[in-house]
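A look at the structure
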Amino acid sequence: MSRPNDALLAARSLLAGQPSSYDASLAHHAIGIVLRDRGDLRAAITELRRAIRLARASGRPEREADVQATLGIALAWTGRSRQGLAVLDQAVKASRGGSAGRTLMRRATVLYELGRFREAHDDLGRSLPFLRRAGDRVWEARSLMLRAHVYFAFGLPRRAAADFAQAEQLFAATGQEREYAVARHDRGLVALDRGDLPEALTYLDEAANRYETLGVTNPDLALDRCSALLAAGLAEEAAEETETALSLVSQEGKTAYRTADLLFAAGTAALAVGDPAKARERVRQAHRLYLTQGRTLQDARASLVLAEARYAAGEHTPALLRYAEEVAARLEASRAGETMQAHLLAGRIALSRGNMPIADQHLDYAARSRRRGPPLPRSVAWLARALQADARDDARATVAACARGLDALEEHQMRLGATELRAYGTAHGAELATLAQRDALRRGDVRRLLFWSERWRATAVAARSAPIREDKELAAELEALRSVSRLLGETEMAASRRNALERERRRLEAAVQARTRRRPGSHNPGEGGFNLEELVDELGPNTLIELVTVDSVLHVIVVKGRRVRLHTVGTIPERDVQMNRFVLRRLAHRPSQPEGELMLKHAGTRLEAALLGGAAADLGDGPVVVIPPAQLAAVPWTLMPSLGDRVVTVAPSAATWLRARRIRPPSRRRVALVIGPGLATIGAEVAPLRSRYPDAVVHGHGSATADHVLRALDGAWLAHIAAHSTFRADNPMFSSIRLDDGPLTVHDFERLGRAPYQMVLAGCDSGVAAPVGADELLGLASSLGPLGAAGIVASVVPVNDVAAVPLMLALHDALQGGARLPEALLAMRRAAGDDPLARATAHSFLALGA
């Protein structure tokens, strides 16, 4: 089990000679174990039956019983659980001493897989004294590992953790490398159970590396990584992980047990992604296998996901309610961890049918653990209480439950050191926030609607990520990634070399992502909650408009002075939003269009009507702060007639705008100017800017490397970066700015001690971010706020480099005259005059932050 390849070679070498019946039995037994664990069960069973015949011929009954125990597991793993247990029962009867301990542990393995946890615990209780008296530390460790899993099934994580730790020590002492890797893997389960996701990922990543070094695969790793990714809100990654594992299982012929478990995990992940049809397909496949294998508990879990998929597809029938209640009863009888989830589903279905007595019964059960346990399950329990109160039209109890549930999720977030994980993890709180928003709308309380919209918006950037500037291994991986990316930028290259470099780029990106996700959080909440009075005081002459989507309906909240008004606009016209960005791109790269001015005017008018509606007439004459939902963050807001000739700032939330306003500038007015490679203008604006800022640190034409640029940016008063930028929709944390030694990614920026107080990102798409989680943004510009940037100018479409040069000079002229970035951006738009190309370029930039 520790070095299976060596075991195969040794066994086959022995069989090549003329071994005794006893020795030949040992050799075939060893081959059977290796083949079984590799998933070739048919060949394994053949080898084990030979081993039994040879053991019988040797006249050693304890040898025969030992092989029978291994055969029993192999038969069970093919789905013949009853036959496997019958063989194991015979082996237990025939075993004595240490052999009895080993056989009991194997029977406990099958009983555990079948969900018969009490019987498995009893067998392990009998096996451990035998093994300790015999001094068999390896099998003692195996028994402790299995008992730890049984304790988990009983809901006793502390006892499980103690057994895992003891087993790990024994495996290390006895040189069992593979099983030591499994022990480290299982420590990840302990961390995941208590809600410590970074620690869980650390253990799982370590186990993956150990498995790879040993040349073994473990399907359980994909199952447990799926659970961790779902806890992090990374549903698409979880789905990809399980589908990849399934393809490997079918290719390598893995066990039917693990195939069923992976199908179940794939169905769970598909449901989280929002694909109930795929979820039903996968879970039904798992259901059939579980029935064949006699695994009743796993079948009950599969039935729960099947019921959830039917509910997600819109079914609210009496038959589904009965089915969900049956599933909840089965899971409750087994004391399964999914019992709360099952009662929550039954309660939801009953609510949808107006059956309050039944709904109360199930939601009361689901809400039992709202004051104990890890924060993520507590939030689900508070959701059950909120749904119950909302159905009773008890506004006070509804918002109280929503607040407690979001508090629990905030506690979960603070355990995560990576911005990415905090952002995706907010998806768990979307329904709680929506319930409170609905309540505020029903009551016509605009101030409460604003409060609840702010409560769960842009929370991931409320505090900076755990510092990583001293992580030398991460710095080395990022440097290697830049080198590989730079090589891939070369045009002339053999296809084989390009493919090899692409594989290396993906490997390095995965390594960087894994390392950053393992960072622990601060365990401390961010600053205090949203305070409307503080916002009003800070706004002064500014008008704030916050766009809020509740049940697919767009509302605009206008805060002007101490007046707060609500305008309901309607559904978000995605086509109009995309069309406006298309118009800007078209004019930027096909400037000689006589209808350009008309196109801009028409696009802006349509955009204003679609997103602001009647709120456009309620803005007054002063500066405007726009707070859009994440899905509208890349809208060219100043294209609208009501916003085009005024100071406009865009922020992900009112709270982040307020924090940015309060950031103090550095005492030294240090300026950094950066020119990236490959620009059509060769950074033409930087030379005149250098004369405007004679003490500026300038990097370009070979010196614009990551180390030089980061050093220049750290703590600067102003930074201007003229470089190509790339937005990575597939992985926004690898959105980047192109430097002389390769791309500078979001992960690189997070190594800064403090971001520049003001930043101008003159490249294409530098202000684009991916909407993730409940209402969060991930991208280049969005990462800089938590690092100390008070204001950022960035583009939301590809821009014309040549047209941008004079506009950037106009922006810096205004900055030198004492303007803040939003005011300077207005000066830039005015400098564009009536030229459609210049105007389209100017409208492509937004002032982000404050």
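Look up: the structure comes first, before these words.
Attention here is on the structure that accompanies the text. (Residues numbered from 1 in each chain as written. Predicted model: local features only at pLDDT ≥ 70, side-chain atom pairs only at ≥ 80, totals over all residues. Heavy atoms only, no water.)

Description of the overall build of the protein chain
Note the threshold: Numbered from the N terminus, helices here are DSSP runs of H or I no shorter than four residues, and strands are runs of E no shorter than two. Using C-alpha atoms as the atom set, the radius of gyration is obtained and then compared with a globule rule of 2.2 Å times the number of residues to the power 0.38. For each residue, the accessible area found with a 1.4 Å probe, counting protein chains only, is set against the maximum for its type, and the residue is called buried under 20%, exposed over 50%, and partly exposed in between. Whether two residues are in contact is decided by their heavy atoms, any of which lying within 4.5 Å being enough. Computed with a 1.4 Å probe, the accessible areas rest on the Shrake-Rupley method; for each residue, only the protein chains presented here act as cover. His residues and chain termini do not enter the charge count, which takes Lys and Arg as positive and Asp and Glu as negative. The location of each charge is read from NZ of Lys, CZ of Arg, CG of Asp or CD of Glu.
Regarding its fold elements, the protein chain presents 37 helices and 16 strands. In summary, the protein chain has a C-alpha radius of gyration of 31 Å against a globular reference of 29 Å for 850 residues, a match within 12%. The principal-axis extents of the C-alpha atoms in the protein chain amount to approximately 100 × 65 × 45 Å. Here the protein chain holds 850 residues, and 58% of them are scored as buried. Within the protein chain, counting contacts between residues at least 6 apart in sequence, those at least 24 apart form 71% of the total. As presented, the protein chain carries roughly 34,000 Å² of accessible surface, and 50% of it is formed by carbon and sulfur atoms. Treating the 112 positive side-chain charges of the protein chain as one cloud and the 99 negative ones as another, the clouds have centres 4 Å apart.

Examining the packing of aromatic side chains
Under the convention used in this document: A pair of aromatic rings is counted whenever rings of Phe, Tyr or Trp (Trp by its six-membered ring) have centres within 6.5 Å, and the orientation is called stacked for planes under 30 degrees apart, edge-to-face for over 60 and tilted otherwise.
Inspection of every chain in the model, using the stated rule, returns three aromatic pairs. Look at F152 and F164: their rings are 6.0 Å apart centre to centre, the planes differ by 45 degrees, and that puts the pair in the tilted class. You can see F152 sitting in helix α8 (residues 137–153) and its partner F164 sitting in helix α9 (residues 157–174), a full twelve residues away along the chain. Residue class for F164 comes out buried when judged on its relative accessible area of 0%. Taken together, a centroid distance of 5.2 Å and an interplanar angle of 90 degrees make the contact between F451 and W452 edge-to-face.

A word on the packing of α8 against helix α10 (residues 177–193)
Here is the rule: Only C-alpha atoms enter the line fits that serve as axes; for helices the fit covers just the stretch in contact. Angles between N-to-C directions range over 0 to 180 degrees. Relative orientations are named as follows: roughly parallel for angles under 35 degrees, roughly antiparallel for angles over 145 degrees, roughly perpendicular for angles from 65 to 115 degrees, and oblique for any other angle. Handedness of each helix crossing follows the sense of rotation of the near helix against the far helix: counterclockwise by less than a right angle gives left-handed, clockwise gives right-handed. Under the grouping applied here, Gly and all other residues not named as nonpolar or charged are polar, the nonpolar ones being Ala, Val, Leu, Ile, Met, Phe, Trp, Tyr, Cys and Pro and the charged ones Asp, Glu, Lys and Arg.
Relative to each other, α8 and α10 sit at 20 degrees, their axes nearing to 12 Å. Looking at the two axes, α8 sits roughly parallel to α10. Crossing angle aside, the handedness with which α8 passes α10 is left-handed. Listed contacts from α10 to V138, R142, M145, H149 and F152 of α8 are E179, V182, A183, D186, L189, V190 and D193. In the contact of α8 with α10, the residues fall into seven nonpolar, one polar and four charged.

Some points on the environment of R690
Mapped onto the elements of the fold, R690 is located in helix α31 (residues 686–692). Separated by 590 residues in the primary sequence, R690 and A100 place their C-alpha atoms 83 Å from one another. Those residues within four positions of R690 in sequence are excluded, and the remaining contacts are L673 and V698.

Focus: the sheet that holds strand β10 (residues 736–739)
Short version of the rule: Paired strands are those between which DSSP finds at least two bridges.
Here three strands make up an open sheet; going across it, the order is β9-β10-β11 and the pairing antiparallel. Looking at the sheet topology across the chains shown, the edges are occupied by β9 (725–726) and β11 (742–745). Pairing geometry for β9 and β10, over two bridges, is antiparallel. For S725, the partnering residue across the bridge sits in β10 and is I737.

Notes on the environment of I349
Along the polypeptide, I349 turns up in helix α18 (residues 339–352). For the pair I349 and H316, spaced 33 residues apart in sequence, the C-alpha to C-alpha distance is 5.9 Å. Look past the residues within four positions of I349 in its chain and what remains in contact with it is Y311, T317, L320, L321 and A324.

A closer look at the packing of helix α27 (residues 532–539) against helix α30 (residues 654–661)
Close contact between α27 and α30 brings their axes to 11 Å; oriented N to C, the two are set at 55 degrees. Taken together, the axis directions place α27 and α30 in an arrangement best described as oblique. Note that α27 runs across α30; the crossing there is left-handed. Contact with α27, carried on its side by E534, L535, E538 and L539, involves A654, W657, L658 and R661 of α30 and no other residues of that element.

Regarding the side chain of D618
The condition that has to hold: N or O atoms closer than or at 3.5 Å make up a polar contact, with two conditions inside protein: a donor-capable atom paired with an acceptor-capable one, and, for residues adjacent in sequence, both atoms drawn from side chains.
Tracing the backbone shows D618 in the loop between α29 (596–611) and β4 (624–627). Note on D618: relative accessible area 10%, which makes it buried. A polar side-chain atom of D618 sits 3.5 Å from a polar atom in the side chain of R565. Within the structure, D618 has its side chain in polar contact with the side chain of H567 (distance 3.1 Å).

Details of helix α1 (residues 4–16)
Inclusion rule: Between the first and last residue of a helix there are one fewer steps than residues, each counted as 1.5 Å, and that sum is the expected span.
Look at α1: 18 Å from first C-alpha to last across 13 residues, which is about the 18 Å you get at 1.5 Å a residue. Those residues of α1 that are buried lie in contact with α2 (21–38).

Points about helix α17 (residues 318–333)
Formally: Arc definition: it is the arc formed by the directions from the helix axis to the C-beta atoms.
Between the first and last C-alpha of α17 there are 23 Å, a value that for 16 residues agrees with the 22 Å anticipated at 1.5 Å per step. Taken residue by residue, α17 has L320, L321, A324, V327, A328 and L331 as its buried positions. Along the axis of α17, the buried residues cluster in a sector spanning 125 degrees; they form a single face. Opposite the buried face of α17, at more than 90 degrees from it, the exposed residues are R322 and A333. Just downstream of α17, R335 is the residue with a positive phi angle, here 55 degrees.

Considerations on the nonpolar core
Where we set the bar: Nonpolar core, defined: a set of buried Ala, Val, Leu, Ile, Met, Phe, Trp, Tyr and Cys residues in which side-chain atoms within 4.5 Å join the residues together.
Counting residues in each nonpolar core, the largest one holds 122 residues, and the members touching the most others are L331 and L421. Top element by residues in this core is helix α14 (residues 256–273). It accounts for ten residues. Every residue in contact with L421, bar those within four places of it in the chain, is listed here: L197, L201, A232, L234, L416 and R517. Counting 68 residues, the second largest nonpolar core, distinct from the first, contains A706, L744, A755 and A794.

Some thoughts on the pairing of strand β14 (residues 776–779)
Of the two faces of β14, the one carrying E776 and L778 and the one carrying L777 and G779 are both buried. Both strand β13 (residues 769–772) and β14 contribute to a ladder of four bridges, which runs antiparallel. In the sheet register, A769 faces β14, and the bridge partner there is G779. Two successive antiparallel strands, β13 and β14, enclose a turn made up of three residues, where G773 displays a positive phi of approximately 60 degrees.

Observations regarding the pairing of strand β12 (residues 758–761)
Where a strand is regular, its side chains alternate between the two sheet faces. Side chains Q758 and V760 project from β12 onto one buried face, and the interleaved M759 and L761 project onto a second face that is buried too. As paired strands, strand β8 (residues 718–722) and β12 are joined by four bridges and run parallel to one another. Bridged to I721 within β12 is L761. When β12 meets strand β15 (residues 791–795), the two strands line up parallel, connected through three bridges. Each residue of the ladder has a partner; that of M759, found in β15, is I792.

What about the side chain of E47?
Here E47 is to be found in helix α3 (residues 41–58). In this structure the side chain of E47 is engaged in a polar contact, spanning 2.6 Å, whose partner is the side chain of H28. If we ignore the near neighbours within four places in the chain, the residues touching E47 are H28, I31, G32 and L35.

Some remarks on the environment of S667
Its location among the elements puts S667 in the loop between α30 and β6 (671–675). Judged by its relative accessible area of 79%, S667 falls in the exposed class.

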